[in-house]
Amino acid sequence: MSRAREVVLVLGAAGLVLAIAWFVPWLRFVLTIALAKGLAVLGILLLLRAGQVSFGHALYLAFAAYAAAFGAALVPETLILLPLAALGAALLGLVVGLFVVRYREIFFGMLNLALSMVFYSVLEKFYAITHGTDGIRLPPTTFAGQVLGAEAQGWAMLSLALVLSAFFAWLMRIYLASPLGQALAGIKTREARLEFMGMSARRVLLSAYVLSALMAGTGGAVLGMTTRHVTPALAYWTTSGELVFIAILGGAGSVAGPFLGAIAYELTRVYAAALVADAWQMILGFVLLLVILFAPGGLWAIGRALMGGRRQA
Amino acid sequence: MQAWLSENTLLLGLAALDGLSYAATVFMVAVGLNLVFGVLRILNVAHGSLFAIGGYVAASLGLFITSRGLPAWLSLPALLLAAVLTGALLGPVIERLLLRRVEKQEPVLQLLVTFALFMILEDLQKLLWGVQPVVSDAPVRLLGTVDVPFGADVIPFTAYQLFVVPGVALLTLLGLVWFLRRTLAGRMIVAVTEDREAARAMGIDAARVTLLTFSAGAALAALGGALASPTASLVPGVGAQTIVLSFAVVATAGLGRVEGAAVTALLIGLGRAFAVYFEPELEVVIPYIIMVAVLLIRPQGLFGVPETRRI
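In this text the structure is predicted, and so the values were computed from the model without any measurement.

A. Just the overall build of chain A, in detail. Helix and strand counts for chain A stand at 13 helices and two strands. Taken over the C-alpha trace, chain A has a radius of gyration of 19 Å; the compact-globule value for 313 residues is 20 Å, and the two agree within 12%. Along the three orthogonal principal directions, the C-alpha set of chain A runs to about 55 × 50 × 40 Å. Relative to its 313 residues, chain A shows a buried fraction of 50%. Contacts in chain A between residues far apart in sequence, at least 24 positions, make up 80% of those at least 6 positions apart.

B. Main features of the confidence of the model for chain B. Residues and elements named next belong to chain B. Looking at chain B, the pLDDT average stands at 84 and 97% of residues meet or exceed 70. For chain B, the element scoring lowest by mean pLDDT is helix H1 (residues 2–7), at 71; helix H10 (residues 206–228) scores highest, at 90. Scoring the predicted complex yields pTM 0.83 and, for the interface, ipTM 0.82.

C. Structural view of the packing of helix H8 (residues 179–196) of chain A against helix H9 (residues 201–227) of chain A. Residue and element names in this part refer to chain A. The contact between H8 and H9 brings their axes to 9 Å, and the two run at 150°. Relative to H9, H8 is oriented so that their crossing is left-handed. In this structure, H8 uses Leu180, Ala183, Leu184, Ile187, Glu191, Leu194 and Glu195 to contact H9, whose residues at the interface are Ala201, Val204, Leu205, Ser207 and Ala208. Of the residues assigned to the contact of H8 with H9, the class counts are nine nonpolar, one polar and two charged.

D. Local environment of the interface of chain B and chain A. Of the residues lining the interface, 34 residues belong to chain B; the matching set on chain A comes to 34 residues. Those elements giving two or more residues to the side of chain B that touches chain A turn out to be helix H5 (107–129), helix H11 (238–253) and helix H13 (286–297) of chain B. It is H5 of chain B that contributes the most residues to the side of chain B that touches chain A, 16 residues altogether.

E. Highlighting H13 of chain B. Under the 1.5 Å per step criterion, the end-to-end length of H13 of chain B is 17 Å for 12 residues, consistent within 8% with the ideal 16 Å. By the burial criterion, the buried members of H13 of chain B are Ile286, Pro287, Tyr288, Met291, Val292, Val294 and Leu295 of chain B. Residues of H13 of chain B that are buried sit in contact with helix H5 (105–125) of chain A together with H11 and helix H12 (258–278) of chain B.

F. Spotlight on the environment of Leu174 of chain B. Considering the arrangement of structural elements, one finds Leu174 of chain B in helix H7 (residues 159–182). C-beta crowding within 10 Å serves as the criterion here: with 10 such atoms nearby, Leu174 of chain B is assigned to the exposed category.

G. Representation of the packing of helix H4 (residues 75–97) of chain B against H10 of chain B within the structure. All names here are of chain B. At a minimum axis distance of 7 Å, the contact between H4 and H10 shows a crossing angle of 145°. Where H4 crosses over H10, the handedness of that crossing is right-handed. Across the interface between the two elements, Leu79, Ala82, Ala83, Val84, Thr86, Gly87, Ala88, Leu90, Gly91, Pro92 and Glu95 from H4 touch Thr210, Leu211, Phe214, Ser215, Ala216, Ala218, Ala219, Ala222, Leu223, Ala226 and Leu227 from H10. In terms of residue class, the contact of H4 with H10 is built from 16 nonpolar, five polar and one charged.

H. Summary view of the nonpolar core. In terms of nonpolar packing, the biggest core is built from 207 residues, with Ala64, Ala65, Ala68 and Ala89 of chain A together with Phe27 and Ala222 of chain B touching the most fellow members. Counting residues per element, this core draws most heavily on helix H2 (residues 9–40) of chain B, which supplies 16 residues. Beyond its immediate chain neighbours, meaning those up to four positions away, Ala89 of chain A contacts Tyr60, Phe63, Ala64, Ala213, Leu214, Ala216, Gly217 and Gly220 of chain A.

I. Molecular detail of the confidence of the model for chain A. Of the residues in chain A, 98% have a pLDDT of 70 or more, and the chain-wide mean is 86. Mean pLDDT in chain A bottoms out at helix H13 (residues 298–312) of chain A, which sits at 70, and peaks at helix H3 (residues 58–71) of chain A, which reaches 93.

Calculation rules
- Residues numbered from 1 in each chain as written.
- Chains lettered and ligands numbered in written order.
- Predicted model: local features only at pLDDT ≥ 70, side-chain atom pairs only at ≥ 80, totals over all residues.
- Helix = DSSP H or I, 4+ residues; strand = E, 2+ residues; numbered from the N terminus.
- Rg over C-alpha atoms; globule rule 2.2 N^0.38 Å.
- Buried ≥ 20, exposed ≤ 12 C-beta atoms within 10 Å, placed from the backbone.
- Contact = placed C-beta atoms within 7 Å.
- pLDDT = per-residue confidence, 0-100.
- Axes fitted to C-alpha atoms, helices over the stretch in contact; angles between N-to-C directions.
- Left-handed = near helix turned anticlockwise from the far one by under 90°.
- Nonpolar A, V, L, I, M, F, W, Y, C, P; charged D, E, K, R; others polar.
- Expected span 1.5 Å × (residues − 1).
- Core = buried A, V, L, I, M, F, W, Y, C linked by C-beta atoms within 7 Å.

Encoded structure:
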């Protein structure tokens, strides 16, 4: 695909999201949430490139969301608070990463899960500070110095989510094309060979881990500032599972996959939860099975096959 | 310290007894998970759901026995029946229809297949048994309580939790060790675990071994659930809790170690029970803290053997 064509596609997709939000107003909120989760899923995707799956990335999502909630009183400006919260998550990712990059596969997944569950318990039990399962309501923040009404704030957050999504998708493509990104794929194929070439597999994985924490944190901050209410459930393992689910649903082959997957997931969830409240998890399970068994490339690959087919015809 | 000990003897005793029976059920699930992982190289996320389903089936059988006025002692073999039913019905179906189809896929996708299965089974439980807690305490009432002497005091504790649950776990441990080391079928399982290719070259039907192992693992998880069902009420989400905990046990013990799983289950079970009585805030995190602490010092787990590097 040529560069120009890609830019047109990205702008077209962003335009489509804005148009949907304009014509179906209540979907604006859903789409912002979907993009926020898409950002976090992008982080999962990065680690999948190394053949590692984290069952605990909700830790960074929740950390940034809570950081935004606590920081809103001190820094009442969205455009400063959001990067600060995301950087906080990246810093946490560095500390945790130094420990978890020593492990692979199921140990890697489980340690991430364990740490996110520890954070969940901290959020839940320290009622005096975090208000337990009740969660915290975010105080209002200004947007670029302006005090916005609810309507304008909604649009601002959606636009911000779109810009951030495009930025991180672009950043990740550059990262994956760089020598560091190529080495990351080497961890999946055969790590020892990477070491023989004089590269430290741990350091390669650590760089990817910190970047993925940054993306999950950005998603978490957007999520917290959009819902304006954060609860410990954000750190629970089901949230992490949801992120992994979306990564596979969207397809691990492209940076567009996570956003495609997240939007499809959130829309399905909204409608499925309304139609079959008791069985929506079951429906998601069947969808996941169908994707893995019959379309391992996810929605992105299906879409591409459809588009390619039309061009040939 | 001395004063604190004498003040809290009763609580300490209760925690130890609780921890023992809790560790026993956790062991049943973890050892099955371990066995399945060894042969299939898949960490079965749906293993916790099999625990829950085993528990629900046992509770349903128990309630059926009481409602029909059948003799109460029947509720004890009913626990075993529930486990066998769950393992024999669900095990082969899951292995044949799902896991075998993704045998050649990436490990991440295999893991996610079991995750999808977990989501499906969680909702299936809600559809079949509802969201209200299900309890059938016939076995507990049948056996009554025993006064356990503890220092100067006595602790009345249910005989079921004191003898039946740890007893079954101990029998399972000894039986499994004997089975894996002394019988042909067991040694075939060990051979496939060690080296699938070589085992097949020796004429072992790896596909059959896989099917049998998975069903046995499913039955063990279901037996764990059945054993826990008379004392713990079954609610949605119990499967999720169980799988996370038994993952922790398996990772702490090191993958593929049967006796290791027993020791670690005891460690984590007791740790959690003491937390319940003395620092309830820590209850949820204790297993993870133990796991992280162990893996920091021994990355391959307490009893694991470091893998040789493939080049």
